[in-house]
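Given next are the chains, with one letter for each unit.
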2 protein chains.
Amino acid sequence: MITSKYIERAVDELASLQGVGRKTALRYALDLMGRSEDDIERFAQAIIEMRQKIQFCSTCFNLSDQAQCEVCQNPNREHDTICIVEDIRDIMAIEATQQYKGVYHVLGGKISPMDGIGPSDLKIDQLLTRVVGHKPKEIILALSPTMEGDTTAFYLFRKLEKQGIEKISTLSRGVAVGDELQYADEVTLGRSILHRTPYENAVT
Amino acid sequence: MITSKYIERAVDELASLQGVGRKTALRYALDLMGRSEDDIERFAQAIIEMRQKIQFCSTCFNLSDQAQCEVCQNPNREHDTICIVEDIRDIMAIEATQQYKGVYHVLGGKISPMDGIGPSDLKIDQLLTRVVGHKPKEIILALSPTMEGDTTAFYLFRKLEKQGIEKISTLSRGVAVGDELQYADEVTLGRSILHRTPYENAVT
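Residues numbered from 1 in each chain as written. Chains lettered and ligands numbered in written order. Predicted model: local features only at pLDDT ≥ 70, side-chain atom pairs only at ≥ 80, totals over all residues. Heavy atoms only, no water.

K.L.:
Just to check I follow, could you spell out the overall build of chain A for this structure?
P.N.:
When its secondary structure is counted, chain A shows nine helices and six strands. Relative to the 2.2 N^0.38 estimate, which gives 17 Å for 204 residues, the radius of gyration of chain A is 22 Å and therefore markedly larger than a compact globule would have. The principal-axis extents of the C-alpha atoms in chain A amount to approximately 65 × 45 × 35 Å. Partitioning the intrachain contacts of chain A with sequence separation of at least 6 by distance along the chain shows that 44% fall at a separation of at least 24. One finds the centroid of the 24 positive side-chain charges in chain A at a distance of 3 Å from the centroid of its 30 negative side-chain charges. (Helix = DSSP H or I, 4+ residues; strand = E, 2+ residues; numbered from the N terminus. Rg over C-alpha atoms; globule rule 2.2 N^0.38 Å. Contact = heavy atoms within 4.5 Å. Lys, Arg positive; Asp, Glu negative; His and termini not counted. Charge placed at Lys NZ, Arg CZ, Asp CG, Glu CD.)

And the structure:
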């Protein structure tokens, strides 16, 4: 029921964003309609410029203003520890914890046959080349604890264990900090009892 | 934790959209990052063009490609029935029902002292000028049945009743079609009993 082809086109484009339906897109379009032309110019320019200026880091596939990202360029990071993540947002989340000093490798997704995503669609070959070339001491498989994440981690583990890496680790799983035990799901609680840790480790 | 100023800027702009927080904006930005430059150019252009080409109808403040909107230009519509709505999306919703043949007047919001929106921020003066000039037979107050909507409708009613309009009506309220009676809220159910309609009217 949109009668203008210009609004129609803008709504189509906005609705192409991940997770945005036509109603939400229309809300965005009407919001944008209410602003000055200068504001809209700045809005559009910011998006165009981002796409033009940002590239993927040639080493780890993180987003970057340069050919290599800030993490890979930083000599103070531990370059022999590689944390494998699914997505750039995972890097942001891990960096926000300030608990990790190594480098990353962004897969760009996880193996999901249901969505037609196989190993060749991810940056796995690039990871193996990197591992063979640089011989890291430790690889951390930091994938989401979901079916697809576990499948991807297992696939990578099988590929990586042949490379003679000292340590292949994964994120610890258990009851989240701040959670009430009674509301934790059974699988998580079961695993967190099975893989219980010495008290002095847990509190630091 | 975004390290690139280009992404930062695009996220800022996307987060300025109504109802979009920084996490959602980042998701949109990363989605856009994964597309070709041509796609992004088209995305941005559609928004800029919409803003440049679309104007507000000089009569009813609906969005339009021309100075007057399609509804106001259409000689087959009943121009002596004006339906007052809050927002352009309300026109779309009413048009989708195909039950209304009159014209519209978009207020551009509702009176809401909490948000600092008073009568002078809405197209009420323009409505009164239009009413005085065109002497419509009927005015329909099609505002949302909320506190602010009711306030606005009452305010308009007081202004309009002095103009000698034959009929000032409002949308009927009651149990929504398809709703289970037991889950209807008390106020709605109470009103729908109080304002019960002849059976032969209700089923057509």
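So, next bit.
K.L.:
I keep staring at the relation of the copies chain A and chain B and nothing clicks. Help me out?
P.N.:
Comparison of the two chain copies shows a relationship of rotation about an axis with a shift along it. If you rotate chain A by 180° and push it 0.0 Å along the axis, it lands on chain B with an RMSD of 0.1 Å. Here the two chains are linked by the operation of a two-fold rotation axis. When C-alpha positions in chain A are compared against the rotation axis, the closest is assigned to A:A44, at 2.4 Å. (Least-squares fit on C-alpha atoms with pLDDT ≥ 70 in both.)

K.L.:
Quick question: what am I supposed to make of the sheet that holds strand 6 (residues 167-170) of chain A here?
P.N.:
Within a beta sheet, neighbouring strands are joined by backbone hydrogen bonds and run either parallel or antiparallel to one another. Residue and element names in this part refer to chain A. Spatial strand order, 4-3-5-6: four strands in an open sheet with parallel pairing. Edge positions in the sheet fall to strand 4 (102-106) and strand 6, since each of these pairs with one other strand and no more. Strand-to-strand twist of the sheet, defined as the mean angle between neighbouring strand axes without regard to direction, takes the value 25°. The sheet contact formed by strand 3 (residues 78-85) and strand 4 spans five bridges and is parallel. Directly across from E78, in strand 4, lies its bridge partner G102. (Pairing = 2+ DSSP bridges. Axes fitted to C-alpha atoms, helices over the stretch in contact; angles between N-to-C directions.)

K.L.:
Explain the sheet that holds strand 4 (residues 102-106) of chain B to me, please; I cannot follow it from the model alone.
P.N.:
Residue and element names in this part refer to chain B. Spatial ordering of the open sheet is given by 4-3-5-6, a layout of four strands whose pairing is parallel. Looking at strand neighbours, the two that pair on one side only are strand 4 and strand 6 (167-170), the edges of this open sheet. Between one strand axis and the next, the sheet turns through 25° on average, direction left out of account. Relative to strand 4, helix 5 (residues 88-97) is tilted by about 160°, and along the sheet it contacts strand 3 (78-85) and strand 4.

K.L.:
What exactly am I supposed to notice about the packing of helix 3 (residues 37-53) of chain A against helix 2 (residues 22-33) of chain B here?
P.N.:
Relative orientation and spacing of two packed helices are given, respectively, by the angle between their axes and the distance between those axes. It is at 10 Å that the axes of helix 3 of chain A and helix 2 of chain B come closest, and there the two elements cross at 55°. As summarised for this structure, helix 3 of chain A and helix 2 of chain B are arranged oblique, according to the angle between their axes. The crossing of helix 3 of chain A and helix 2 of chain B is right-handed. The segment helix 3 of chain A lies against helix 2 of chain B, with A:I47, A:M50 and A:R51 engaging B:A29, B:L32 and B:M33. Residues of the contact of helix 3 of chain A with helix 2 of chain B, tallied by class, amount to five nonpolar, no polar and one charged. (Parallel < 35°, antiparallel > 145°, perpendicular 65-115°, else oblique. Left-handed = near helix turned anticlockwise from the far one by under 90°. Nonpolar A, V, L, I, M, F, W, Y, C, P; charged D, E, K, R; others polar.)

K.L.:
I keep staring at the interface of chain A and chain B and nothing clicks. Help me out?
P.N.:
Accessible area lost upon the coming together of the parts is a frequently used measure of interface size. If you look at the interface, chain A gives 50 residues, while chain B gives 50 residues. Interface area lost by chain A to chain B is led by A:M33, A:M50 and A:R51, which between them contribute 13%. Between B:R9 and A:E49 there is a salt bridge whose closest N-O contact spans 2.7 Å. Inspection of the region where chain A meets chain B yields 15 residue pairs in polar contact (both at pLDDT 80 or more). Where the side of chain A that touches chain B is concerned, the elements lending two or more residues are helix 1 (5-15), helix 2 (22-33), helix 3 and helix 5 (88-97) of chain A. Counting residues per element, the side of chain A that touches chain B draws most heavily on helix 3 of chain A, which supplies 14 residues. Here the residues of the side of chain A that touches chain B are counted per class, giving 26 nonpolar, seven polar and 17 charged. (Buried area = accessible area lost by both parts, 1.4 Å probe. Salt bridge = Lys/Arg side-chain N within 4 Å of Asp/Glu carboxyl O. Polar contact = N/O pair within 3.5 Å; in protein donor to acceptor, adjacent residues only side chain to side chain.)

K.L.:
Is there a simple way to think about the pattern of salt bridges in this case?
P.N.:
Two side chains carrying opposite charge are able to pair once their charged atoms lie near each other. Residue and element names in this part refer to chain A. Scanning the model with the defined rule gives 27 salt bridges over all chains in all. K53 is the salt-bridge partner of E49, the closest N and O atoms lying 3.9 Å from each other. Of this pair, E49 and K53 are both found in helix 3, four residues apart, which corresponds to roughly one turn of the helix. As a salt-bridge pair, E95 and R77 come within 2.8 Å of each other at their nearest N and O atoms. A residue pair is termed long-range when its members are at least 10 positions apart, and E95 in helix 5 and R77 in the loop between helix 4 (70-73) and strand 3 qualify at 18 residues.

K.L.:
Would you mind going over the pairing of strand 3 of chain A with me for this structure?
P.N.:
Across a regular strand the side chains alternate sides, sitting on one face of the sheet and then on the other. Residue and element names in this part refer to chain A. Taken together, strand 3, helix 5 and strand 4 form a β-α-β motif whose crossover is right-handed. Inspection of the sheet shows strand 3 paired to strand 5 (residues 138-141) by four bridges, in the parallel sense. Its bridge partner being in strand 5, C83 is matched across the sheet by I140. (Right-handed = clockwise from strand over helix to strand, strands pointing away.)

K.L.:
How should I be thinking about the packing of aromatic side chains in this particular structure?
P.N.:
Describing an aromatic ring pair means giving the distance of the ring centres and the angle of the ring planes. If you walk through the whole model with that rule in mind, you get three aromatic pairs over all chains. Here the aromatic rings of A:Y28 and B:Y28 are separated by 6.1 Å at their centres, their planes lie at 65°, and the arrangement is edge-to-face. Of the two residues, A:Y28 sits in helix 2 while B:Y28 sits in helix 2, which places them in two different chains. Positioned above the aromatic ring of A:F61, the side-chain terminus of A:K123 is 5.0 Å from the ring centre. (Phe/Tyr/Trp six-rings, centres within 6.5 Å; stacked < 30°, edge-to-face > 60°. Lys NZ or Arg CZ within 6 Å of the ring centre and 35° of its normal.)

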